[in-house]
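These are the residues of each chain, in order.
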Amino acid sequence: MAESEGGSMGKGAGLIGGVGCLVIVALLCLVLIVPLLVTVLVGGIAGQLSLSGGDDCVESVSAEGGDGTVNIPEAFKKPLADAAKLAGLPEQTAAAQIKLESNFDTQAGSPAGAQGPAQFTPETWARYGEGGDIHDIKDSMSAYGRYMKALREEVKPLAGDDANKLVRLTLAAYNAGPGAVQKAKGIPPFEETRVYVEKITGSAQMEFSGGCKAVEGGKSWNGDLGKGEWTIPLPDGKFTSGYGGRNVPGLPAWAQNHVGVDLSTGGGAPIIAPADMTVTGTLKNDHCVMAKMDGEPGFQFAFCHVESLNVKKGQKIKRGKQVGIEGGFMGGSPSGAAKHLHFEIYKPNCGNGKNGGANVPYDGCNIDPEPILKEKGAWVK
């Protein structure tokens, strides 16, 4: 029809329009692909996970390896936050779980008889619903909080002081039952349960959109953090990648387990000691400065990809003083990665760090720096 109306002029215009469209599409591809390539290059050991663009910390959750960004409906925000706090779980975990269970559908149901946004069975609802409406958001989220709290307490002895493990075991108990978790002394060997936990936690890499405060239940270290605040390791830096599992194209399997957090200003900014510390050594291949804080609880730190190694073993560096310059040194190359700081924290007196020894990346003693930095007032703005 369009051809008959336009005749030969229509064909000529169509050809020109088609070429123009191809040019526009090519330009759009460049605009979209170039930032993606930069994102991957920022990776290195550091990697790069995209964050939700929203400013509301409760509104969205990003889970790498899971279902992407979880947008929380307005009516669920406060009830869900209250439930997560009651359960002692991160809000982002609760959001991802309800998303998976019902997609926030208050009328959701299953062939097995589960109902409501948290998919309670009649038996479990009778115990935790406290006479409420299973389809009501507030009632169902309150019951969800009570139930998750009970499950968390049942599996807590199996997790020890590992907060991330406790979250995963609680989720496994929700799916398979606390008895199955206790019998397995961990996540039961059921494919459904394993997939369930992985989808919700995104291989333990879940973050709120940028600028959020630390969430209840999200602590990576349950001990005393010591007195006083810390200094931000990279002032004016932005959070670019979090702690935990990920799936970044081009990185080897070992590097997909991200054992620190990445902060970036784009390069060239001073890297600062968050607390008084003593240098324990350096790693030349990735230009990491390794150090141990002088005060309690005696965490060890790693500052990686610095521009040059200008410190020596045994050197004392006071809180707020410069450790190095933000660089991209990785794999023996000054330009092995885009410029950023990869920052790690290690459990006190763990592994190689015992008896005055020094920890190193991937020695099994890493813990998530983000909750600690937030609690110490040293998280990026």
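Above: the structure in question.
To start, this report covers the structure provided alongside it. Just so it is clear, the model here is predicted, and its values are computed rather than measured.

Calculation notes
- Residues numbered from 1 in each chain as written.
- Predicted model: local features only at pLDDT ≥ 70, side-chain atom pairs only at ≥ 80, totals over all residues.
- Heavy atoms only, no water.
- Helix = DSSP H or I, 4+ residues; strand = E, 2+ residues; numbered from the N terminus.
- Buried < 20%, exposed > 50% of the residue type's maximum accessible area, 1.4 Å probe, protein only.
- Contact = heavy atoms within 4.5 Å.
- Areas by Shrake-Rupley, 256 points an atom, 1.4 Å probe, with all protein chains shown as cover.
- Polar contact = N/O pair within 3.5 Å; in protein donor to acceptor, adjacent residues only side chain to side chain.
- Axes fitted to C-alpha atoms, helices over the stretch in contact; angles between N-to-C directions.
- Parallel < 35°, antiparallel > 145°, perpendicular 65-115°, else oblique.
- Left-handed = near helix turned anticlockwise from the far one by under 90°.
- Nonpolar A, V, L, I, M, F, W, Y, C, P; charged D, E, K, R; others polar.
- Salt bridge = Lys/Arg side-chain N within 4 Å of Asp/Glu carboxyl O.
- Pairing = 2+ DSSP bridges.
- Core = buried A, V, L, I, M, F, W, Y, C linked by side-chain atoms within 4.5 Å.
- Expected span 1.5 Å × (residues − 1).

In terms of regular secondary structure, the chain is built from 9 helices and 15 strands. Here the chain, with 381 residues, has 47% of them falling under the buried criterion. Here the contacts in the chain between residues at least 6 apart in sequence split such that 62% fall between residues at least 24 apart. In the structure as shown, the chain presents an accessible area of about 18,300 Å², 55% of it carried by carbon and sulfur atoms.

Turning to the environment of serine 102, a few remarks are in order. You can see serine 102 is positioned in helix H3 (residues 91–102). By relative accessible area, serine 102 is classed as buried at 10%. Considering only alpha carbons, one finds serine 102 and alanine 118, 16 residues apart in sequence, at a separation of 6.7 Å. A distance of 3.2 Å separates the side chain of serine 102 from the backbone nitrogen of phenylalanine 104, its partner in a polar contact. At 2.6 Å, the side chain of serine 102 and the backbone oxygen of proline 117 are in polar contact.

For the rest of this paragraph, the subject is the packing of helix H5 (residues 137–159) against helix H6 (residues 163–176). Running from amino to carboxyl end, H5 crosses H6 at an angle of 120°, the nearest separation of the two axes being 8 Å. As judged from the angle between their axes, H5 and H6 are oblique. Once H5 is placed against H6, the crossing between them reads as right-handed. Seen from H5, the contacting residues are Tyr144, Tyr147, Met148, Leu151, Arg152, Val155, Lys156, Leu158 and Ala159; seen from H6, they are Lys165, Leu166, Leu169, Thr170, Leu171, Ala173 and Tyr174. Of the residues in the contact of H5 with H6, the class split is 12 nonpolar, 1 polar and 3 charged.

Moving on: the pattern of salt bridges. According to the stated counting rule, one finds 9 salt bridges in the structure shown. Between arginine 152 and glutamate 153 there is a salt bridge, with its nearest N and O atoms 3.8 Å apart. Between arginine 194 and glutamate 191 there is a salt bridge, with the nearest N and O atoms lying 2.7 Å from each other. With arginine 194 and glutamate 191 both in helix H8 (residues 191–201) and 3 residues apart, this pair spans about one turn of that helix.

Take the pairing of strand E10 (residues 288–293) next. E10 sits mainly inside the fold: 5 of its 6 residues count as buried. Here strand E9 (residues 277–283) pairs with E10 via 6 bridges, running antiparallel. Residue valine 279 lies in a different strand from E10, and its bridge partner there is alanine 291. Sheet topology places E10 next to strand E11 (residues 300–304); 4 bridges connect them, and they run antiparallel. Residue pairing across strands places alanine 291 opposite phenylalanine 301, the latter belonging to E11. With antiparallel pairing between neighbouring strands as the criterion, E10 and E11 make up a hairpin whose turn holds 6 residues, including glycine 298 at a positive phi of roughly 85°.

Of all hydrophobic cores here, the largest spans 37 residues; its most connected members are Leu80, Ile98, Phe120, Met141, Tyr144, Met148 and Tyr174. Among the secondary structure elements, those contributing two or more residues to this core are helix H2 (77–87), H3, helix H4 (122–128), H5, H6 and H8. In terms of residues, this core owes the most to one element, H5, which gives 9 residues. Setting aside residues no more than four positions away along its own chain, methionine 148 makes contact with Ala87, Leu89, Gln97, Thr170, Leu171 and Tyr174. With 31 residues, the next largest nonpolar core counts Phe239, Met277, Ala291 and Phe299 among its residues.

It is worth spelling out H6 at this point. Here H6 spans 20 Å end to end across 14 residues, near enough to the 20 Å set by a 1.5 Å rise per residue. The set of residues buried in H6 consists of Ala163, Leu166, Val167, Arg168, Leu169, Thr170, Leu171, Ala172, Ala173 and Tyr174. Looking at the packing, one finds that the buried side of H6 touches H3, H5, helix H7 (178–184) and H8. Two to three positions downstream of the cap, the backbone nitrogen of lysine 165 sits 3.1 Å from a side-chain oxygen, assigning the N-cap of H6 to aspartate 162. After H6 finishes, the residue glycine 177 shows a positive phi value of roughly 100°.

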